[in-house]
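# Commentary on secondary and tertiary structure
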Amino acid sequence: ASAGIDTTDRTTQDSAVTYCDLFLFTDAATKKAPELSVKGLRAGVEALGSSYASAVNFTSRFGPTRHDGPSSTRIVVFDNNCTCFAYGPGGAVPTA
């Protein structure tokens, strides 16, 4: 990695992606915020709609009654060939 961090370990990769996503989300929300305050940040998050492409979930949707983001999920199954978990058949499944 450019910062000298070994990212060959999956736990390190997960941590890096999660922190990166947090900063990118905050940046996107503050750019939509009408003012830099708690109220303004909330409005910025709500204004994102489905425009934010998260690095940690498949699809996102934000709005006045939806502040958590993830708007779809995938089925995960255990694959005996690789002794690991893998995505099952089908694509992303919308959440409520």
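Our subject in this report is the structure included herewith. (Residues numbered from 1 in each chain as written. Predicted model: local features only at pLDDT ≥ 70, side-chain atom pairs only at ≥ 80, totals over all residues. Heavy atoms only, no water.)

A word on the pairing of strand S5 (residues 84-87). Within a regular strand, side chains alternate between the sheet's two faces. Both strand S4 (residues 76-79) and S5 contribute to a ladder of four bridges, which runs antiparallel. Counted as the bridge partner of Val-77 is Ala-86 from S5. Hairpin connection from S4 to S5: four residues lie between these consecutive antiparallel strands, with Thr-83 at a positive phi of about 50°. (Pairing = 2+ DSSP bridges. Helix = DSSP H or I, 4+ residues; strand = E, 2+ residues; numbered from the N terminus.)

Attention now moves to the state of the cysteines. Applying the stated criterion across every chain, the model contains one disulfide. Through a disulfide, Cys-82 is tied to Cys-84; the S-S separation comes to 1.9 Å. Residues Cys-82 and Cys-84 are joined by a disulfide whose S-S torsion is about -75°; by sign, that bridge is left-handed. Judged by relative accessible area, Cys-82 falls into the partly exposed class, the value being 36%. (Disulfide = S-S within 2.5 Å. Buried < 20%, exposed > 50% of the residue type's maximum accessible area, 1.4 Å probe, protein only.)

What follows covers the nonpolar core. By size, the foremost hydrophobic cluster in this structure holds six residues: Ala-28, Ala-29, Val-45, Leu-48, Tyr-52 and Phe-62. In this structure Leu-48 touches Phe-25, Ala-28, Ala-29, Lys-32 and Phe-62, once residues within four positions along its chain are discounted. (Core = buried A, V, L, I, M, F, W, Y, C linked by side-chain atoms within 4.5 Å. Contact = heavy atoms within 4.5 Å.)

The next thing to look at is the pairing of strand S2 (residues 66-70). One ladder, built from three bridges, connects strand S1 (residues 60-63) with S2; its direction is antiparallel. Among the inter-strand pairings, Arg-61 is bridged to a residue of S2, identified as Gly-69. Counting the residues in the hairpin turn of S1 and S2 gives two residues.

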